[in-house]
Amino acid sequence: MRWFIALASGALFGLGLVVSDMVNPARVLGFLDLAGGWDPTLAFVMGGALIPMALAWRVAATRPAPVCGTAFPAPPAGMIDGRLIAGAAVFGLGWGLVGFCPGPALAATGTGSLGAFIFTVAMTVGMIVHGMAFPAPPLRQRAQPR
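This section reports on the structure supplied with the text. (Residues numbered from 1 in each chain as written. Predicted model: local features only at pLDDT ≥ 70, side-chain atom pairs only at ≥ 80, totals over all residues. Heavy atoms only, no water.)

### Side note on the packing of helix 5 (residues 102-110) against helix 6 (residues 114-133)
Here comes step 1: Where helix 5 contacts helix 6, the two axes come as close as 8 Å, and the packing angle between them is 130 degrees. With respect to helix 6, the axis of helix 5 lies oblique. The way helix 5 lies across helix 6 gives a crossing that is left-handed. Side by side, helix 5 and helix 6 meet where Pro102, Ala105, Leu106, Ala108 and Thr109 of the first sit next to Ala116, Phe117, Phe119, Thr120 and Met123 of the second.
Here comes step 2: Among the residues forming the contact of helix 5 with helix 6, the class breakdown is eight nonpolar, two polar and no charged. (Axes fitted to C-alpha atoms, helices over the stretch in contact; angles between N-to-C directions. Helix = DSSP H or I, 4+ residues; strand = E, 2+ residues; numbered from the N terminus. Parallel < 35°, antiparallel > 145°, perpendicular 65-115°, else oblique. Left-handed = near helix turned anticlockwise from the far one by under 90°. Contact = heavy atoms within 4.5 Å. Nonpolar A, V, L, I, M, F, W, Y, C, P; charged D, E, K, R; others polar.)

### Here we look at the nonpolar core
Here comes step 1: If you look at the biggest cluster of nonpolar residues, it comprises 15 residues, and the most contacted ones within it are Leu17, Val23, Leu42, Trp95, Phe100, Ala108 and Phe119.
Here comes step 2: Counting residues per element, the ones that place at least two in this core are helix 2 (25-32), helix 5 and helix 6.
Here comes step 3: Apart from residues lying up to four places away in sequence, Trp95 is in contact with Val28, Leu29, Leu32, Leu42, Met46, Phe100 and Cys101. (Core = buried A, V, L, I, M, F, W, Y, C linked by side-chain atoms within 4.5 Å. Buried < 20%, exposed > 50% of the residue type's maximum accessible area, 1.4 Å probe, protein only.)

### With respect to the environment of Thr41
Here comes step 1: Summarising the element assignment, Thr41 is placed in helix 3 (residues 41-61).
Here comes step 2: Spatially, the C-alpha atoms of Thr41 and Gly30 are 8.9 Å apart, while their sequence positions differ by 11 residues.
Here comes step 3: Non-local contacts of Thr41, meaning those with residues more than four positions away in its chain, are made with Ser20, Met22 and Arg27.
Here comes step 4: Here Asp39 takes part through its side chain, which lies 2.5 Å from a polar atom of the side chain of Thr41. (Polar contact = N/O pair within 3.5 Å; in protein donor to acceptor, adjacent residues only side chain to side chain.)

Right, dumping it as structure tokens:
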């Protein structure tokens, strides 16, 4: 059941990206071009995503445990460190240079976009190399489910 929910959620997310045209790098680059022909579409998509997510967090806060899990994940440490800043900078540079981030790139790969495919392969190789060079620290586990 857990895999089915994950698959359905990912498919719904990808469909939303395709329907909103966020798989089009020109749409994202138009949003980032504040000095040129600014395209506010991405702001509306993000704003539209915040409403159901805010409702989901409210519902989750009332539950003793997740529907498809044993415990809710621990909250983030809240510390801004070099890894976070470097990761955000690399993400922002990639997003600004080519107009793709991981989710839309995967969705666009499914539409047959060669550029998205190349980006996805490069992103995957980069993630593998990074994982080998800088192993992730162990995740902190919450003592009790909330």
